[in-house]
Amino acid sequence: MDYSSQRLIRTVDMILNYSRLQVGEFPLFRKNLDISDICVNLVTEYALTAKNKSLDLTFQNNYGDANLFADEYSISIAISNLIDNSIKYTDKGFVHVILYRWENDNICLI
């Protein structure tokens with residue numbers, strides 16, 4: 001599936017989920033997640049998209065074990081949107097996804 005089709009599917013999915021959220025029908029399935037694993041998988045998924053724009057896409061884990069109790073779908077969509085927009089709005093050079101420890105051991109992703 002090409003990039004444009006994937007983008008359109010994600011946009012429609014986000015609109016439907018927003019509607020479900022507004023009426024209180026958005027299901028949350030919380031579980032223990034490793035944010036680093038999600039980032040690695042998404043960076044791998046977006047590697048070809050970045051390469052097609054001649055961008056270097058990397059992931060750097062400066063946090064270590066970054067575990068979180070959350071809804072995997074929601075977290076994955078948020079990180080996916082971060083990476084997707086970074087690639088979309090970067091014309092040349094690189095996109096580095098960095099996971100690091102912030103104040104009070106908070107997990108930060110840039």
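Parameters and conventions
- Residues numbered from 1 in each chain as written.
- Predicted model: local features only at pLDDT ≥ 70, side-chain atom pairs only at ≥ 80, totals over all residues.
- Heavy atoms only, no water.
- Helix = DSSP H or I, 4+ residues; strand = E, 2+ residues; numbered from the N terminus.
- Buried < 20%, exposed > 50% of the residue type's maximum accessible area, 1.4 Å probe, protein only.
- Contact = heavy atoms within 4.5 Å.
- Expected span 1.5 Å × (residues − 1).
- Arc of directions from axis to C-beta.
- Pairing = 2+ DSSP bridges.
- Axes fitted to C-alpha atoms, helices over the stretch in contact; angles between N-to-C directions.
- Salt bridge = Lys/Arg side-chain N within 4 Å of Asp/Glu carboxyl O.
- Phe/Tyr/Trp six-rings, centres within 6.5 Å; stacked < 30°, edge-to-face > 60°.
- Lys NZ or Arg CZ within 6 Å of the ring centre and 35° of its normal.

### Examining the overall build of the protein chain
Part 1 of the reasoning: Along its length, the protein chain carries three helices and five strands.
Part 2 of the reasoning: From first element to last, N terminus to C terminus, the protein chain shows the α and β order α-β-α-β-β-α-β-β.
Part 3 of the reasoning: Going through the 110 residues of the protein chain one by one, you find that 27% of them count as buried.
Part 4 of the reasoning: If you take every contact in the protein chain between residues at least 6 apart in sequence, the share linking residues at least 24 apart comes to 77%.

### Some remarks on helix 3 (residues 72–88)
Part 1 of the reasoning: Between its first and last C-alpha, helix 3 extends 24 Å over 17 residues, near the 24 Å set by a 1.5 Å rise per residue.
Part 2 of the reasoning: If you check which residues of helix 3 are buried, you get Ser76, Ile79, Ser80, Ile83, Asp84 and Ile87. Looking straight down helix 3, one finds that the buried residues subtend no more than 135 degrees of arc, so they occupy a single side.

### Digging into the sheet that holds strand 5 (residues 107–109)
Paired through their backbone hydrogen bonds, the strands of a sheet run either parallel or antiparallel.
Part 1 of the reasoning: The three strands are arranged 2-4-5 in an open sheet whose pairing can be described as mixed. Each edge of the open sheet carries a strand with a single partner, namely strand 2 (55–61) and strand 5. On average, adjacent strands in this sheet sit at an angle of 5 degrees to one another, irrespective of strand direction.
Part 2 of the reasoning: In this sheet, strand 4 (residues 93–101) lies alongside strand 2 in parallel orientation, the contact comprising seven bridges. Across the sheet, residue phenylalanine 59 finds its bridge partner in strand 4, namely valine 97.

### Focus: unusual backbone geometry
Part 1 of the reasoning: A positive phi angle, close to 55 degrees, is found at asparagine 104, a residue other than glycine.
Part 2 of the reasoning: Looking at where asparagine 104 falls in the secondary structure, it is placed in the loop between strand 4 and strand 5.
Part 3 of the reasoning: The phi angle at aspartate 105 is positive, at roughly 60 degrees, despite the residue not being glycine.
Part 4 of the reasoning: With respect to the helices and strands, the residue aspartate 105 is situated in the loop between strand 4 and strand 5.
Part 5 of the reasoning: Looking at aspartate 105, the relative accessible area reads 46%, which means it is partly exposed.

### Description of the pattern of salt bridges
Part 1 of the reasoning: Across all of its chains, the model carries two salt bridges by this definition.
Part 2 of the reasoning: For lysine 31, the salt bridge identified is with glutamate 72, shortest N-O distance 2.9 Å. Of this pair, lysine 31 sits in strand 1 (residues 30–34) while glutamate 72 is found in helix 3, placing the two residues 41 residues apart along the sequence.
Part 3 of the reasoning: In this structure lysine 31 comes out as partly exposed when scored by relative accessible area, which is 40%.

### Re the packing of aromatic side chains
Part 1 of the reasoning: The full count for this structure, using the stated rule, is zero aromatic pairs.
Part 2 of the reasoning: Lying over the aromatic face of tyrosine 63, arginine 101 brings its terminal NZ or CZ to 3.9 Å of the ring centre.

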